[in-house]
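Architecture and fold: a report
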Amino acid sequence: MLRAIEPVAHRARGPDEGEAIVQDEDETSPAAAAVPGTSAEEPGRDGPGGPSRIQRRTRDRRRRRRRILGWSVGGLVAVLLAAGGFGWWLYDHLNGNIRTQDFADQLTDRPPPTGAMNVLLVGSDSRAGDNSAYGRDDGGGQRSDTTILLHVPEGRKTATAVSFPRDLMVNVPGCRTGTGVQRAYFGQFNSAMEVGGVPCVAATVEKLTGARINHQITIDFTGFKKVVDALGGVPMHIDQPIDDKAAHLQLPAGDVNLDGEQALGFVRVRKSLGDGSDIQRIERQQAFLKALIRKVQNENLLTNPAKAYNVMDAATKAITTDSGINTLASLYDFANGLRAVPVDDIRFTTTPITSYAPDPNRVALRQPEARQLFTELRDGAPAPEPAATATGSIGTNPGTAGR
């Protein structure tokens, strides 16, 4: 049981108890002022004209502070010098965590560069290694479970995050594979990842939108979980209870703090919520990303070096990037360029879609809204907000095919 702590009144000590306690070096305590010969104006024991007791204490306190300051500065320098090798080891360790996969050298007939920055964000559904708990491996193949193009116009004041449904039917350009080159074909969007990895996804997005991709960041299931756990979870409001065995998720309705496993389940859950479509799952993914960005922005990691290291260690182990942002220094420059964009000025949207007549489990681009959105991504020209998509018009059970 906690007790209220009452302030203790300071009292002046007598000659046998040592010097009086002073509350401020430039202020005479009430007790001292009441004792003749102890005020700043009256002479002390050194006689008329000599320094008073208050003045001597002030002078001694300043000397002690100068000594402490000198020790602190000297100690700080010594610590920095001693930690120099360890600090470099940490930097080198975090740098070594980052995996690299370039894509630009595999792309042809690329859109011209502009002042905008376009970053391809890919969530891989690979079941290899630690990810095997979320389904069978199927020989190590992977598809893009989540694909977002983050478009930051020149000036870096706003941003648009465009999600591509994995069941969207698109023209996939010819891509390199492990055994040669896959010819161009018309198929499901997330098959590009399986055919040619991230470079093929990048080529597909560039051909589809006409926007040049500057960087790519890929993360898998396990890496995603570890980043969320390192942050201490992400707060979310859940509108209804969730019980989904396929997503390994059970959550009550209300305000919850999602740990890594729960967060992964939340962004993957589909069958037990709404109409079971991938489109509604994208909306939940976008809501989680907003909450995650707020969590990161609200964290003052500078005051908690241990947590800062854990977050950086988890993040650098979780991602695969292109060589333009595969070091701590380049990642810092990249992130610093995005800091000016408030989370409320990041617009999350999905490519405008409609039903795909040959297959009710697939979707197609809705025109002219899709062309208008892609024009914005190419030129930075304003585009109208895509009209709301009525999920009932997409098909009987949209987006349920695939993993």
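Described in the following lines is the structure provided in the data block. Quantities reported herein were computed from a predicted structural model and do not represent experimental measurements. (Residues numbered from 1 in each chain as written. Predicted model: local features only at pLDDT ≥ 70, side-chain atom pairs only at ≥ 80, totals over all residues. Heavy atoms only, no water.)

1. Examining helix α9 (residues 369-379)
The test is simple: Exposure classes here rest on a 1.4 Å probe applied to the protein chains alone. A residue is buried below 20% of its type maximum, exposed above 50%, and partly exposed in between. Secondary structure elements follow DSSP: runs of H or I no shorter than four residues count as helices, runs of E no shorter than two count as strands, and numbering proceeds from the N terminus. The arc refers to the directions leading from the helix axis to the C-beta atoms. Contact criterion: two residues are considered in contact whenever any of their non-hydrogen atoms come within 4.5 Å of each other.
Along α9, the residues that are buried comprise A370, L373, F374, E376 and L377. Looking straight down α9, one finds that the buried residues subtend no more than 150° of arc, so they occupy a single side. Relative to its buried face, α9 has exposed residues pointing more than 90 degrees away, namely R371 and D379. Residues of α9 that are buried in the fold lie against β2 (117-124), β3 (144-152), β4 (159-163), α3 (191-209), β15 (346-350) and β17 (363-365).

2. A word on the sheet that holds β2
To keep things clear, this is the line we draw: Strand pairing requires that DSSP identify at least two bridges connecting the strands. As a rule, the C-alpha atoms of each element are fitted with a line to give its axis, helices using only the stretch in contact, and angles between N-to-C directions run from 0 to 180 degrees.
Strand order in the open sheet formed by seven strands is β1-β14-β9-β2-β3-β4-β15, and the pairing between neighbours is mixed. Bordering the open sheet on either side are β1 (99-100) and β15, each of which pairs with just one other strand. Sheet topology places strand β9 (residues 215-219) next to strand β14 (residues 319-321); three bridges connect them, and they run antiparallel. Bridge assignment links I219 to a residue of β14, and that residue is I319. Strands in contact with helix α7 (residues 305-318) are β1, β9 and β14; relative to β14, the strand with the most contacts, it is inclined by about 55°.

3. A look at the nonpolar core
We count it as follows: Residues grouped as a nonpolar core are buried Ala, Val, Leu, Ile, Met, Phe, Trp, Tyr and Cys residues, joined through side-chain atoms within 4.5 Å.
Within the largest apolar cluster, 43 residues are counted, with the highest numbers of intra-cluster contacts made by M236, I242, L258, F266 and F288. Leaving out residues up to four positions away in the same chain, L258 has contacts with V228, G233, V234, M236, L251, A263, F266 and F288. If you look at the next biggest cluster of nonpolar residues, it comprises 30 residues, including L107, M193, V198 and I213.

4. Observations concerning the pairing of β9
The buried fraction of β9 amounts to four of the five residues, a majority that puts the element mostly inside the structure. Relative to β9, β2 is paired through five bridges, and the arrangement is parallel. Looking at the pairing, V122 lines up with T218 of β9.

5. Looking at the packing of helix α4 (residues 221-230) against helix α5 (residues 260-268)
In plain terms, the rule: Geometric relationships in this document are graded by angle, where less than 35 degrees denotes roughly parallel, more than 145 denotes roughly antiparallel, 65 to 115 denotes roughly perpendicular, and other angles denote oblique. Whether a crossing is left-handed or right-handed is set by the direction in which the near helix is turned from the far one by less than a right angle, anticlockwise for left-handed and clockwise for right-handed. Residue classes follow a fixed rule: Ala, Val, Leu, Ile, Met, Phe, Trp, Tyr, Cys and Pro count as nonpolar, while Asp, Glu, Lys and Arg count as charged, and any other residue, Gly among them, counts as polar.
One can describe the packing of α4 onto α5 by two numbers: an axis separation of 7 Å at closest approach and a directional angle of 125°. Considered as vectors, α4 and α5 are oriented oblique to each other. Crossing hand, α4 versus α5: right-handed. On α5, the residues touching F221, F224, K225, V228 and D229 of α4 are G260, E261, A263, L264, V267 and R268. Partitioning the contact of α4 with α5 into residue classes produces six nonpolar, one polar and four charged.

6. Some remarks on α4
Most of α4 is tucked away: eight of the 10 residues are buried. When α4 is considered as a whole, its buried residues turn out to be F221, T222, G223, F224, K225, V227, V228 and A230. G232 sits one or two positions beyond α4 and adopts a positive phi of about 85°.

7. As for the state of the cysteines
Counted only if it meets this: The rule for a disulfide is simple: a pair of cysteine sulfur atoms within 2.5 Å.
Taken as a whole and assessed by the stated rule, the structure comprises one disulfide. With its sulfur 2.1 Å from that of its partner, C175 forms a disulfide with C200. Because the torsion about its S-S bond is 80°, the bridge between C175 and C200 counts as right-handed. Here C175 is found in strand β6 (residues 175-176), whereas its partner C200 is found in helix α3, with 25 residues between them in sequence. Each member of the pair C175 and C200 is classed as buried.

8. Focus: the side chain of T321
Filter applied, for reference: We call two N or O atoms a polar contact when they sit within 3.5 Å, provided that within protein one can donate a hydrogen and the other can accept it, with sequence-adjacent residues counted only if both atoms are side-chain atoms.
With respect to the helices, strands and loops of the structure, T321 is situated in strand β14. By relative accessible area, which is 0% here, T321 ends up buried. Polar side-chain contacts of T321 include one of 3.4 Å to the backbone oxygen of I325. Sequence-distant contacts of T321, defined by excluding residues within four places in its chain, comprise I98, R99, T100, Q101, Q216, I217 and N326.

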